[in-house]
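Spelled out from the first residue to the last, the chains are:
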Amino acid sequence: MIYRDKVSNYENVDGDGEQDLTALGFLFDAAAAKAWVRHKFQAPTTGPFDCHAEDKDLRSSIEVEVQVIADEDGPGALQTGQRTWPAAPFLAQYLVEHWAGITFDRKCEVLELGAGCGLVGLTLAQLSGVDTIIMTDHDPGSLKLIQEGIFRNQHRWRDGVRCEISHMEWGKELNRQIVSLVNIERVNAEHGSCKEGIMLLLVGSDLVYSLDVVESLFKTVADLFRHRDESGRGRGQFLLCGSFALGDEIEKRVAEVTERLKLCTERLILGREDERRGMWITKYNLA
Ligand SMILES: C[S@@+](CC[C@H](N)C(=O)[O-])C[C@H]1O[C@@H](n2cnc3c(N)ncnc32)[C@H](O)[C@@H]1O
């Protein structure tokens, strides 16, 4: 099975079923066969990552493999993060292409929310300046896929990149691993408190699909920013990408909740063709 589109090429690599899957996630996910899918992302010129390849074409592209449920059209597949949603390769490609303009050469620590099978996070682990990356989800089955993805891809990133998984349920108290990642005193102690600081980049793709998730998702985002630094405006940003229109009711709820939580909102400008396909990316940070 080979898919191609403008954003990325992804290829089912071996399609072997995993018989001994013990994930505690959704029942149909646990029973489903898994497959490795390879994605390729293109940087505009030379890549924004630490690659020593002599060949310019290799330097300007990034390959990532993610494990997903093999039958993406099977029963229940629509409810799961154990497949790649359309916003994930779109956001990964956007980040690869615009990396310099997002980080301004600052080091950054990344937290992916609702990571599913981890495509965005596993791509970011290859970009320059990324120091630590934690991919989170509330579904243990997804976390297991991401862990497999870390083993499969780690030869692609430079030594010293810290890449982990963590269970996180939006709206609930942050666990110690995550509080430690976002804690500004720890960041200052490890990196020295420099003027620009280390950026906290939160990313998420296709996370908003019902009214129910809006309050808890943005509460978690605001909590993460506040743990980072009450006064450190501009040091953190959340890039949320979607592949379909949310509808008036959800849009209205998002606007109410983000205003109440004092999150600034900026809709990024994408190409007309991408917008026609329903793609959008919104940036949030502390007001
Ligand atoms: C539509 S999937 C998108 C997955 C992935 N980001 C992608 O684009 O392929 C939504 C993801 O959010 C996770 N999720 C949903 N509700 C959540 C919650 N309350 N707390 C944490 N994760 C949640 C799901 O387990 C799933 O992985």
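From a predicted model like this one, the values you see are computed outputs, not experimental measurements.

Calculation rules
Residues numbered from 1 in each chain as written. Predicted model: local features only at pLDDT ≥ 70, side-chain atom pairs only at ≥ 80, totals over all residues. Heavy atoms only, no water. Helix = DSSP H or I, 4+ residues; strand = E, 2+ residues; numbered from the N terminus. Contact = heavy atoms within 4.5 Å. Areas by Shrake-Rupley, 256 points an atom, 1.4 Å probe, with all protein chains shown as cover. Axes fitted to C-alpha atoms, helices over the stretch in contact; angles between N-to-C directions. Parallel < 35°, antiparallel > 145°, perpendicular 65-115°, else oblique. Left-handed = near helix turned anticlockwise from the far one by under 90°. Nonpolar A, V, L, I, M, F, W, Y, C, P; charged D, E, K, R; others polar. Phe/Tyr/Trp six-rings, centres within 6.5 Å; stacked < 30°, edge-to-face > 60°. Lys NZ or Arg CZ within 6 Å of the ring centre and 35° of its normal. Core = buried A, V, L, I, M, F, W, Y, C linked by side-chain atoms within 4.5 Å. Buried < 20%, exposed > 50% of the residue type's maximum accessible area, 1.4 Å probe, protein only. Pairing = 2+ DSSP bridges.

Peer 1: Is there a simple way to think about the overall build of the protein chain in this case?
Peer 2: When helices and strands are counted, the protein chain shows 10 helices and 11 strands. Excluding contacts between residues fewer than 6 apart, the proportion of contacts in the protein chain whose partners are at least 24 apart in sequence is 72%. Carbon and sulfur atoms form 50% of the exposed surface of the protein chain, whose accessible area is close to 13800 Å².

Peer 1: Explanation requested: the side chain of E112 in the structure shown.
Peer 2: Note that E112 resides in strand 5 (residues 108-112). Residue contacts for E112: discarding those within four places in its chain leaves G118, V120, G121, I134, M135, T136 and V203.

Peer 1: Got a minute to help me understand the packing of helix 8 (residues 212-228) against helix 9 (residues 248-260) in this structure?
Peer 2: Angle between the axes and distance between the axes are the two parameters that describe a pair of packed helices. Orientation of helix 8 relative to helix 9, taken along the N-to-C sense of each, is 25°, at an axis distance of 9 Å. Taken as axis vectors, helix 8 and helix 9 run roughly parallel relative to one another. In the crossing of helix 8 with helix 9, the sense of the turn from one axis to the other is right-handed. Facing helix 8, whose interface residues are V214, E215 and F218, helix 9 presents I250, R253, V254, V257, T258 and R260. Grouping the constituent residues of the contact of helix 8 with helix 9 by class yields 5 nonpolar, 1 polar and 3 charged.

Peer 1: Is there a simple way to explain the packing of aromatic side chains in this structure?
Peer 2: Each aromatic ring pair is specified by the distance between its two centres and by the angle formed by the two planes. Per the counting criterion, the structure on display carries 3 aromatic pairs. When the ring of F218 is compared with that of F238, the centres are 6.3 Å apart and the planes differ by 70°; the resulting orientation is edge-to-face. Of the two residues, F218 is situated in helix 8 and F238 in strand 9 (residues 236-242); the sequence distance between them amounts to 20 residues. Here the aromatic residues F218, F238 and Y284 are joined through ring pairs into a cluster of three or more. Positioned above the aromatic ring of W85, the side-chain terminus of R83 is 4.5 Å from the ring centre. In this arrangement the basic side chain of R152 is found over the ring face of W36, its NZ or CZ atom lying 4.3 Å from the centre.

Peer 1: How should the nonpolar core be read in this particular structure?
Peer 2: Soluble, globular proteins show a tendency: their nonpolar side chains are buried together. One finds L95, L124 and I281 to be the most contacted residues of the largest nonpolar core, which totals 46 residues. Ranked by residues supplied to this core, first place goes to helix 3 (residues 87-103) with 10 residues. Setting aside residues no more than four positions away along its own chain, L124 makes contact with L95, W99, V110, V130, I133 and V203. Counting 32 residues, the second-largest nonpolar core is a separate cluster that includes L113, L181, L202 and V208.

Peer 1: I would appreciate a short explanation of the pairing of strand 4 (residues 61-69) in the present structure.
Peer 2: As a general feature of sheets, a regular strand has side chains that alternate between the two faces. Counting buried residues in strand 4 gives 8 out of 9 residues, a clear majority hidden from the surface. As paired strands, strand 3 (residues 34-42) and strand 4 are joined by 9 bridges and run antiparallel to one another. Within the sheet, the bridge partner assigned to H39 lies in strand 4 and is V64.

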